[in-house]
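Structure assessment
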Amino acid sequence: MGNVNCVFCGCIEQASIGVVEKWGRFDRLAEPGLNFWNPLAGECLTGTLSTRINSLDVKIETKTKDNVFVQLLCSIQYRVIRQNADDAFYELQNPTEQIQAYVFDVVRAHVPKMNLDELFEQKDEVAKAVLEELEKVMGAYGYNIEHILMVDIIPDASVRRAMNEINAAQRMQLASVYKGEADKILQVKKAEAEAEAKYLGGVGVARQRQAITDGLRENILNFSHKVEGASAKEVMDLIMITQYFDTIKDLGNSSKNTTVFIPHGPGHVRDIGDQIRNGLMEAAASGQVAE
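Bear in mind the structure is a predicted one, so any value in this text is a computation, not a measurement.

**Examining the overall build of the protein**
A tally of regular secondary structure across the protein gives seven helices and eight strands. When burial is assessed residue by residue, the protein has 28% of its 291 residues classed as buried. The contacts of the protein with a sequence gap of at least 6 include a subset with a gap of at least 24, amounting to 66%. For the protein, the accessible area works out to roughly 19500 Å², and carbon and sulfur atoms hold 53% of it.

**Description of helix H2 (residues 95–110)**
The terminal C-alpha atoms of H2 lie 23 Å apart, and with 16 residues this matches the ideal 22 Å at 1.5 Å per residue to within 8%. Buried residues along H2 sit against strand S6 (54–63), strand S7 (69–80), helix H4 (123–138) and strand S8 (143–155).

**Describing a nonpolar patch on the surface**
A contiguous nonpolar patch, built from Leu174, Val177 and Tyr178 and spanning about 320 Å² of accessible area, is present on the exposed surface. One can find Tyr178 in helix H5 (residues 157–226). Judged by its relative accessible area of 56%, Tyr178 falls in the exposed class.

**Description of the sheet that holds strand S2 (residues 16–22)**
The antiparallel open sheet is built from three strands, whose spatial order is S3-S2-S5. Each edge of the open sheet is held by one strand with a lone partner, namely strand S3 (25–30) and strand S5 (43–50). On average, each strand axis in the sheet is inclined to that of its neighbour by 30°, with strand direction left out of account. Bridge analysis of S2 against S5 gives seven bridges, and the strand direction is antiparallel. Looking at the pairing, Ile17 lines up with Leu49 of S5.

**A look at the pattern of salt bridges**
For the structure on display, the rule yields six salt bridges. Taking the shortest distance from any N to any O, the salt bridge between Asp183 and Lys179 comes out at 3.3 Å. With Asp183 and Lys179 both in helix H5 and four residues apart, the pair spans about one turn of that helix. As a salt-bridge pair, Glu192 and Lys189 come within 4.0 Å of each other at their nearest N and O atoms.

**A closer look at the packing of H2 against H4**
Closest axis-to-axis distance for the H2/H4 pair is 9 Å, and the angle between their directions is 140°. Considering the angle they form, H2 stands oblique to H4. Note on packing geometry: the crossing formed by H2 with H4 is right-handed. Contact with H2, carried on its side by Pro95, Gln98, Ile99, Tyr102, Val103, Val106, Val107 and His110, involves Val126, Ala129, Val130, Glu133, Leu134, Val137 and Met138 of H4 and no other residues of that element.

**Structural notes on the packing of aromatic side chains**
In this structure the tally under the stated criterion is three aromatic pairs. Aromatic side chains Phe26 and Tyr90 sit 6.0 Å apart centroid to centroid with 75° between the ring planes, which places their arrangement in the edge-to-face category. Note that Phe26 is positioned in strand S3 and Tyr90 in helix H1 (residues 85–90), a separation of 64 residues in sequence. Assessed through its relative accessible area of 34%, Phe26 is described here as partly exposed. Its relative accessible area of 36% is what places Tyr90 among the partly exposed residues. Among the aromatic side chains, those forming a connected cluster through ring pairs are Phe26, Phe89 and Tyr90.

**Here we look at the side chain of Asn35**
Mapped onto the elements, Asn35 comes out in strand S4 (residues 33–36). The buried category is assigned to Asn35, whose relative accessible area is 16%. Within polar-contact distance, the side chain of Asn35 engages the backbone oxygen of Gly33 at 3.0 Å. Not counting residues up to four positions away in its chain, the partners in contact with Asn35 are Phe8, Cys9, Gly10, Ile12 and Ala30.

**A short note on the sheet that holds S8**
Across the sheet, three strands lie side by side as S6-S7-S8; this open sheet has antiparallel pairing. Every other strand in the sheet has two partners, leaving S6 and S8 as the edge strands with one partner each. Averaged over all pairs of adjacent strands, the angle between their axes in this sheet comes to 20°, without regard to strand direction. In terms of strand pairing, S6 meets S7 through ten bridges, oriented antiparallel.

**Topic: the environment of Tyr143**
For Tyr143, the location among the structural elements is in strand S8. Measuring from C-alpha to C-alpha, the distance between Tyr143 and Val80 comes to 4.6 Å, with 63 residues separating the pair along the chain. Not counting the four nearest positions on each side in its chain, Tyr143 is found in contact with Tyr78, Arg79, Val80, Ile81, Ala88, Leu92, Pro95 and Met138.

Parameters at a glance
- Residues numbered from 1 in each chain as written.
- Predicted model: local features only at pLDDT ≥ 70, side-chain atom pairs only at ≥ 80, totals over all residues.
- Heavy atoms only, no water.
- Helix = DSSP H or I, 4+ residues; strand = E, 2+ residues; numbered from the N terminus.
- Buried < 20%, exposed > 50% of the residue type's maximum accessible area, 1.4 Å probe, protein only.
- Contact = heavy atoms within 4.5 Å.
- Areas by Shrake-Rupley, 256 points an atom, 1.4 Å probe, with all protein chains shown as cover.
- Expected span 1.5 Å × (residues − 1).
- Patch = residues over 30% accessible without salt bridge, like charges linked within 9 Å, V, L, I, M, F, W, Y side chains within 5 Å.
- Salt bridge = Lys/Arg side-chain N within 4 Å of Asp/Glu carboxyl O.
- Pairing = 2+ DSSP bridges.
- Axes fitted to C-alpha atoms, helices over the stretch in contact; angles between N-to-C directions.
- Parallel < 35°, antiparallel > 145°, perpendicular 65-115°, else oblique.
- Left-handed = near helix turned anticlockwise from the far one by under 90°.
- Phe/Tyr/Trp six-rings, centres within 6.5 Å; stacked < 30°, edge-to-face > 60°.
- Polar contact = N/O pair within 3.5 Å; in protein donor to acceptor, adjacent residues only side chain to side chain.

This is the structure in structure tokens:
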């Protein structure tokens, strides 16, 4: 809006609309560009209106259904309807206060029907309700509501802290569940690996004993064929005694040897040979079972 301009012509800026009166009454709208009017006939330019989009930020404090006080920040984008610029010029003294009053009325009518969580989820519904009400009312005054944005919802500080603590507790609970599942899988895999290792170790020992038995059997047969009159038992005793002395020799040559007390004598050597022979026979029997 501007002052009365009682000259013969004037320029209206782009994105603006002029209001021309004749003898104090509305006569016509002046489009952007050069316009002429006759002051002698009572015509004058009373004022101009911008047709650009204006933005109005409104902060509303209200209460939700679950008794939580919140502040809502709305951004209303509106503009003058060019064809109805005379209504916008004459009908409203302060359009921003009118828009703000309707926003307060609609928001405070809808938000108390919602819980806090529903308000966050359905804030677009609140903005839609405000838009419908403003379009219906402000359209009659020459204003068009372009957009309404629910920019922010700010609960009380204590409520925000409580919501953050609830969220953190839920995430910790979920993390504990995932950690428990991971530990369970790890224990199962570890048990399966240990069982597989023990099984393979048993198979290896059985094959080792079978190989030793086969080697001794082959040595006994070769010795019996080459030395006439030697029985298998005698050859076995000889081999056992030879291995016995080789074992004692290895113990003595070991760099990490310790003192070992071994019964020694003809009778003890025979007993040791019987024990080794019985052990090999048991190894051969266990190897056949493993196969």
